[in-house]
Amino acid sequence: MMSEQEKMLAEMLYTAQDPELVAAHRRALRLTQRYNATGEDQAEEREALIQELLGSFGEDGVIMPPFRCDYGSQIEIGDHFFANYDCLFLDVCSITIGNHVMLGPRVCLYTAAHPLSSEVRDTGLEYGKPITIGNSVWIGGNVIVNPGVTIGNNVVIGAGSVVTHDLPDGVIAAGNPCRVLRRIGDEDRKFWLARQQEWQSR
């Protein structure tokens, strides 16, 4: 017999009321409460708490409190990560984030889902699908990423978007539902390199 946690991670129906999952959720609540109570002068304590909470957290990362998640252990984050205030990760399935990823305030990553049949949904059974975010991604404030979405590398997502489908590498996307607006091309690269050179020369 599979445990409820094994069913959850396998994207099968499961019950979150299972004692093992209830204990894991309470652990995450305790750690996030402590994390969110820290001050700006407690960088070492924040680092220790986030390392304990998450499955993995790379180098040179910042998560601005308040931050909330379901379990924490299903979240893996690469190097040079930044999440602005009030982000929410529902990690009933894995959330995998690459390097050099920036999240605006109130970005929500939802791996949790519920049956479309009310007869089954009313029993309290639920399921999840993982979210994957590539490298060098900027996600604007108040974006929602829905279960099962994969976001490619070098992607920019406009504020307020609701991402319901996968996004390929190297695009700007926005809207509800989120859609690709255009590719990020060599002209964008040249423009921003020129702005960088201006900054360096002043």
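These notes cover the structure that comes with them. (Residues numbered from 1 in each chain as written. Predicted model: local features only at pLDDT ≥ 70, side-chain atom pairs only at ≥ 80, totals over all residues. Heavy atoms only, no water.)

Another point: the overall build of the protein. For the protein, the helix and strand inventory stands at 5 helices and 19 strands. Relative to a compact globule of 202 residues, whose C-alpha radius of gyration would be 17 Å, the protein shows 18 Å and is just as compact. Seen along its three principal axes, the alpha-carbon backbone of the protein occupies a region of about 65 × 40 × 25 Å. Expressed as a percentage of the 202 residues in the protein, the buried residues total 39%. Taking all contacts inside the protein whose residues are at least 6 apart in sequence as the whole, residues at least 24 apart take part in 26%. Per element, the accessible surface of the protein, about 11,100 Å² overall, is 52% carbon and sulfur. Computing the positive centroid from 17 side-chain charges and the negative centroid from 27, the protein places the two 7 Å apart. (Helix = DSSP H or I, 4+ residues; strand = E, 2+ residues; numbered from the N terminus. Rg over C-alpha atoms; globule rule 2.2 N^0.38 Å. Buried < 20%, exposed > 50% of the residue type's maximum accessible area, 1.4 Å probe, protein only. Contact = heavy atoms within 4.5 Å. Areas by Shrake-Rupley, 256 points an atom, 1.4 Å probe, with all protein chains shown as cover. Lys, Arg positive; Asp, Glu negative; His and termini not counted. Charge placed at Lys NZ, Arg CZ, Asp CG, Glu CD.)

Counting 38 residues, the largest nonpolar core has Ile63, Phe67, Phe81, Phe89 and Ile151 as the members making the most contacts within it. Every element with two or more residues in this core is listed here: helix 2 (19-36), helix 3 (43-53), strand 3 (67-69), strand 4 (75-77), strand 6 (87-90), strand 7 (95-97), strand 12 (131-133) and strand 18 (171-174). Judged by nonpolar contacts, the second largest core, of 6 residues, contains Tyr14, Ala16, Tyr71 and Val92. (Core = buried A, V, L, I, M, F, W, Y, C linked by side-chain atoms within 4.5 Å.)

Glancing now at the pattern of salt bridges. Going through the model one piece at a time under the given rule, you end up with 8 salt bridges. Here Glu11 ties to Lys129 by a salt bridge, and the two come within 3.7 Å at their closest N and O atoms. Of this pair, Glu11 sits in the loop between helix 1 (4-9) and helix 2 while Lys129 sits in the loop between strand 11 (127-128) and strand 12, and the two are 118 residues apart along the sequence. The exposure class of Glu11 is partly exposed, given its relative accessible area of 37%. Asp188 is the partner of Arg182 in a salt bridge, and the nearest nitrogen-oxygen pair spans 2.9 Å. For Arg182, a relative accessible area of 41% gives the class partly exposed. A single salt-bridge network, built from bridges that share partners, covers Arg68, Asp86 and Arg106. (Salt bridge = Lys/Arg side-chain N within 4 Å of Asp/Glu carboxyl O.)

What follows covers the environment of Gly78. Take Gly78: it is sitting in the loop between strand 4 and strand 5 (82-83). Separated by 18 residues in sequence, Gly78 and Thr96 place their C-alpha atoms 8.3 Å apart. Among all residues touching Gly78, those that are not within four sequence positions of it are Gly58, Ile97, Gly98 and Asn99.

Tracing the chain through its elements places Leu181 in strand 19 (residues 179-183). In this structure the C-alpha to C-alpha distance between Leu181 and Glu119, which are 62 residues apart in sequence, comes to 39 Å. With sequence-adjacent residues up to four places away left out, Leu181 is seen in contact with Ile172, Ala173 and Ala174.

What follows is about helix 2. In a regular helix each residue adds 1.5 Å, so 18 residues correspond to 26 Å; helix 2 covers 25 Å between its end C-alpha atoms and thus fits that length. Listed in full, the buried residues belonging to helix 2 are Leu21, Ala28, Leu31, Thr32 and Tyr35. Burial along helix 2 is one-sided: seen end-on, the buried residues are contained in an arc of 100 degrees. For helix 2, exposure combined with an orientation more than 90 degrees from the buried face picks out Pro19, Arg26, Arg30 and Gln33. Buried residues in helix 2 make contact with helix 1, helix 3, strand 2 (62-63) and strand 3. N-cap assignment for helix 2: the residue whose side-chain oxygen lies 3.1 Å from the backbone N of Glu20 is Asp18. (Expected span 1.5 Å × (residues − 1). Arc of directions from axis to C-beta. Polar contact = N/O pair within 3.5 Å; in protein donor to acceptor, adjacent residues only side chain to side chain.)

Geometry only, nothing functional implied.
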